[in-house]
Amino acid sequence: FKDAGKSAVQKAMRERWETADTRRIVDAMMESPHCADTQEIGCATLWSLFQGDMRAEIMYRITNGPGVKAVIAAMKLMADSVAVQECGCAILCALAIDNEEVVVKIYDEGGVDVTAEALKRQWSSAMVVQHGLGFLRAAASLVEYRHAMAEQIALVGIIEGMHAFRGKVLVAEYGLSLLGFL
(Lines give C-alpha, C1' and ligand atoms only; values in the text may rest on other atoms or scores of the structure.)
Protein backbone atom coordinates (compact mmCIF):
# COMPACT_ATOMS: atom_id res chain seq x y z
CA PHE A 1 0.00 0.00 0.00
CA LYS A 2 2.99 2.32 -0.01
CA ASP A 3 1.82 5.52 -1.68
CA ALA A 4 -1.13 3.70 -3.25
CA GLY A 5 -3.45 6.59 -2.47
CA LYS A 6 -6.31 6.81 -0.04
CA SER A 7 -8.98 5.42 -2.38
CA ALA A 8 -6.88 2.33 -3.20
CA VAL A 9 -6.25 1.70 0.50
CA GLN A 10 -9.96 2.17 1.29
CA LYS A 11 -10.95 -0.30 -1.44
CA ALA A 12 -8.45 -2.92 -0.26
CA MET A 13 -9.45 -2.53 3.39
CA ARG A 14 -13.13 -2.73 2.44
CA GLU A 15 -12.49 -6.12 0.83
CA ARG A 16 -10.72 -7.29 3.97
CA TRP A 17 -13.53 -5.92 6.15
CA GLU A 18 -16.19 -7.78 4.15
CA THR A 19 -14.41 -11.08 4.83
CA ALA A 20 -13.36 -10.07 8.39
CA ASP A 21 -9.77 -10.84 7.36
CA THR A 22 -7.98 -9.31 10.32
CA ARG A 23 -4.69 -10.97 9.40
CA ARG A 24 -4.51 -9.23 6.01
CA ILE A 25 -5.48 -5.90 7.58
CA VAL A 26 -2.72 -6.24 10.17
CA ASP A 27 -0.23 -7.44 7.55
CA ALA A 28 -0.94 -4.36 5.42
CA MET A 29 -0.42 -2.11 8.45
CA MET A 30 2.87 -3.79 9.32
CA GLU A 31 4.13 -3.75 5.71
CA SER A 32 3.49 0.00 5.34
CA PRO A 33 4.19 1.46 8.79
CA HIS A 34 4.84 5.01 7.53
CA CYS A 35 1.83 5.22 5.21
CA ALA A 36 -0.68 7.40 7.07
CA ASP A 37 -3.61 6.22 4.92
CA THR A 38 -2.85 2.57 5.62
CA GLN A 39 -2.52 3.12 9.36
CA GLU A 40 -5.63 5.30 9.67
CA ILE A 41 -7.84 3.10 7.52
CA GLY A 42 -6.36 -0.10 8.99
CA CYS A 43 -7.12 0.98 12.56
CA ALA A 44 -10.58 2.20 11.56
CA THR A 45 -11.29 -1.10 9.77
CA LEU A 46 -10.24 -3.15 12.80
CA TRP A 47 -12.34 -0.96 15.08
CA SER A 48 -15.38 -1.29 12.80
CA LEU A 49 -15.01 -5.07 12.91
CA PHE A 50 -15.36 -4.87 16.71
CA GLN A 51 -18.82 -3.41 16.21
CA GLY A 52 -20.20 -6.47 14.44
CA ASP A 53 -21.55 -9.85 15.40
CA MET A 54 -18.10 -11.46 15.34
CA ARG A 55 -16.71 -9.30 18.17
CA ALA A 56 -15.37 -12.19 20.28
CA GLU A 57 -13.77 -13.84 17.24
CA ILE A 58 -12.21 -10.56 16.10
CA MET A 59 -10.81 -9.93 19.59
CA TYR A 60 -9.34 -13.43 19.64
CA ARG A 61 -7.69 -12.98 16.24
CA ILE A 62 -6.19 -9.60 17.11
CA THR A 63 -4.82 -10.68 20.49
CA ASN A 64 -3.46 -14.03 19.30
CA GLY A 65 -1.68 -12.62 16.25
CA PRO A 66 0.38 -9.51 15.65
CA GLY A 67 -2.67 -7.23 15.87
CA VAL A 68 -1.82 -5.64 19.22
CA LYS A 69 1.70 -4.90 18.02
CA ALA A 70 0.38 -3.37 14.77
CA VAL A 71 -2.09 -1.08 16.56
CA ILE A 72 0.53 0.10 19.06
CA ALA A 73 3.06 0.66 16.27
CA ALA A 74 0.49 2.71 14.35
CA MET A 75 -0.20 4.81 17.46
CA LYS A 76 3.53 5.42 17.95
CA LEU A 77 4.26 6.32 14.35
CA MET A 78 1.09 8.34 13.75
CA ALA A 79 0.99 10.20 17.07
CA ASP A 80 -0.47 13.32 15.44
CA SER A 81 -3.28 11.47 13.68
CA VAL A 82 -6.50 11.87 15.64
CA ALA A 83 -8.09 9.02 13.66
CA VAL A 84 -5.32 6.55 14.52
CA GLN A 85 -5.33 7.58 18.18
CA GLU A 86 -9.11 7.35 18.47
CA CYS A 87 -9.36 3.91 16.91
CA GLY A 88 -6.18 2.70 18.61
CA CYS A 89 -7.39 3.71 22.09
CA ALA A 90 -10.80 2.20 21.37
CA ILE A 91 -9.26 -1.11 20.25
CA LEU A 92 -6.92 -1.31 23.27
CA CYS A 93 -9.78 -0.49 25.64
CA ALA A 94 -12.10 -3.08 24.10
CA LEU A 95 -9.40 -5.75 24.21
CA ALA A 96 -8.42 -5.00 27.81
CA ILE A 97 -11.83 -4.90 29.49
CA ASP A 98 -12.09 -7.91 31.82
CA ASN A 99 -9.10 -9.65 30.24
CA GLU A 100 -5.96 -9.58 32.41
CA GLU A 101 -3.96 -11.72 29.98
CA VAL A 102 -4.51 -9.23 27.18
CA VAL A 103 -3.74 -6.28 29.48
CA VAL A 104 -0.35 -7.86 30.20
CA LYS A 105 0.31 -8.31 26.47
CA ILE A 106 -0.68 -4.72 25.68
CA TYR A 107 1.38 -3.40 28.59
CA ASP A 108 4.43 -5.40 27.49
CA GLU A 109 4.10 -4.04 23.93
CA GLY A 110 4.14 -0.44 25.18
CA GLY A 111 0.40 0.19 25.24
CA VAL A 112 0.44 2.31 28.38
CA ASP A 113 3.07 4.66 26.95
CA VAL A 114 1.25 5.18 23.62
CA THR A 115 -2.07 5.65 25.38
CA ALA A 116 -0.60 8.20 27.79
CA GLU A 117 0.96 10.00 24.80
CA ALA A 118 -2.37 9.92 22.94
CA LEU A 119 -4.08 11.51 25.93
CA LYS A 120 -1.45 14.27 26.02
CA ARG A 121 -1.59 15.02 22.28
CA GLN A 122 -5.27 14.43 21.56
CA TRP A 123 -6.95 15.48 24.80
CA SER A 124 -9.61 17.38 22.81
CA SER A 125 -10.95 14.12 21.33
CA ALA A 126 -13.73 12.61 23.45
CA MET A 127 -13.05 9.20 21.94
CA VAL A 128 -9.35 9.29 22.85
CA VAL A 129 -10.10 10.46 26.39
CA GLN A 130 -12.90 7.96 27.01
CA HIS A 131 -11.20 4.91 25.56
CA GLY A 132 -7.71 5.91 26.66
CA LEU A 133 -8.88 6.23 30.27
CA GLY A 134 -10.81 2.97 29.87
CA PHE A 135 -7.71 1.08 28.81
CA LEU A 136 -5.55 2.69 31.51
CA ARG A 137 -8.17 1.81 34.12
CA ALA A 138 -8.06 -1.83 33.01
CA ALA A 139 -4.26 -1.82 33.19
CA ALA A 140 -4.19 -0.11 36.59
CA SER A 141 -6.52 -2.76 37.97
CA LEU A 142 -3.50 -5.07 37.93
CA VAL A 143 -1.56 -4.33 41.10
CA GLU A 144 1.85 -5.06 39.59
CA TYR A 145 1.49 -2.18 37.10
CA ARG A 146 0.17 0.57 39.35
CA HIS A 147 3.46 2.04 40.52
CA ALA A 148 5.01 2.12 37.05
CA MET A 149 1.83 3.58 35.58
CA ALA A 150 1.67 6.34 38.19
CA GLU A 151 5.07 7.47 36.92
CA GLN A 152 4.07 7.18 33.23
CA ILE A 153 0.77 8.99 33.34
CA ALA A 154 0.29 12.68 33.94
CA LEU A 155 -2.39 12.79 36.61
CA VAL A 156 -3.15 16.39 35.71
CA GLY A 157 -4.00 15.20 32.19
CA ILE A 158 -6.53 12.72 33.54
CA ILE A 159 -8.23 15.43 35.55
CA GLU A 160 -8.18 17.87 32.60
CA GLY A 161 -9.69 15.21 30.34
CA MET A 162 -12.42 14.49 32.87
CA HIS A 163 -13.14 18.21 33.17
CA ALA A 164 -13.24 18.75 29.40
CA PHE A 165 -15.76 15.92 28.97
CA ARG A 166 -17.59 16.21 32.27
CA GLY A 167 -20.90 15.38 30.60
CA LYS A 168 -19.67 11.95 29.48
CA VAL A 169 -20.46 9.36 32.14
CA LEU A 170 -17.86 6.82 30.98
CA VAL A 171 -15.10 9.43 31.01
CA ALA A 172 -15.92 10.23 34.64
CA GLU A 173 -16.25 6.58 35.59
CA TYR A 174 -12.99 5.52 33.93
CA GLY A 175 -11.10 8.57 35.17
CA LEU A 176 -12.21 8.25 38.79
CA SER A 177 -11.58 4.52 38.77
CA LEU A 178 -8.11 5.03 37.32
CA LEU A 179 -7.27 7.71 39.89
CA GLY A 180 -8.54 5.38 42.62
CA PHE A 181 -6.21 2.61 41.48
CA LEU A 182 -3.19 4.91 41.25
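These lines cover the structure that appears in this document, whether it is placed above or below. (Residues numbered from 1 in each chain as written. Predicted model: local features only at pLDDT ≥ 70, side-chain atom pairs only at ≥ 80, totals over all residues. Heavy atoms only, no water.)

1. Thoughts on the nonpolar core
- If you look at the biggest cluster of nonpolar residues, it comprises 60 residues, and the most contacted ones within it are F50, L95, I106, L133, F135 and M149.
- Of all the elements, helix 6 (residues 82-96) adds the most residues to this core, at 10 residues. (Core = buried A, V, L, I, M, F, W, Y, C linked by side-chain atoms within 4.5 Å. Buried < 20%, exposed > 50% of the residue type's maximum accessible area, 1.4 Å probe, protein only. Helix = DSSP H or I, 4+ residues; strand = E, 2+ residues; numbered from the N terminus.)

2. Observations regarding unusual backbone geometry
- Even without being glycine, D98 reaches a positive phi, approximately 55 degrees.
- Looking at the element boundaries, D98 is found in the loop between helix 6 and helix 7 (100-108).

3. A few points about the packing of aromatic side chains
- Under the counting rule described, the total for this entry stands at one aromatic pair.
- Between W47 and F50, the ring centres sit 5.7 Å apart and the planes meet at 35 degrees, which makes this aromatic pair tilted. Linking W47 with F50, this pair stays in helix 3 (residues 36-50), spanning three residues, or about one helical turn. Neither W47 nor F50 differs from the other in exposure class; each is buried. (Phe/Tyr/Trp six-rings, centres within 6.5 Å; stacked < 30°, edge-to-face > 60°.)

4. Considering the side chain of T45
- Examined against the element boundaries, T45 turns out to sit in helix 3.
- At 2.6 Å, the side chain of T45 and the backbone oxygen of I41 are in polar contact.
- With near-sequence residues (within four places) excluded, T45 lies in contact with M13, W17 and I25. (Polar contact = N/O pair within 3.5 Å; in protein donor to acceptor, adjacent residues only side chain to side chain. Contact = heavy atoms within 4.5 Å.)

5. Overview of the packing of helix 5 (residues 67-77) against helix 6
- Where helix 5 meets helix 6, the axes come as close as 9 Å, and the angle between the chain directions of the two elements is 145 degrees. In the crossing of helix 5 with helix 6, the sense of the turn from one axis to the other is left-handed. Residues V68, V71, I72, A74 and M75 of helix 5 form the contact with helix 6, whose participating residues are V84, Q85, G88, C89, I91, L92 and L95.
- Residues of the contact of helix 5 with helix 6, tallied by class, amount to 10 nonpolar, two polar and no charged. (Axes fitted to C-alpha atoms, helices over the stretch in contact; angles between N-to-C directions. Left-handed = near helix turned anticlockwise from the far one by under 90°. Nonpolar A, V, L, I, M, F, W, Y, C, P; charged D, E, K, R; others polar.)

Remember, this is a structural readout, not a statement about activity or role.
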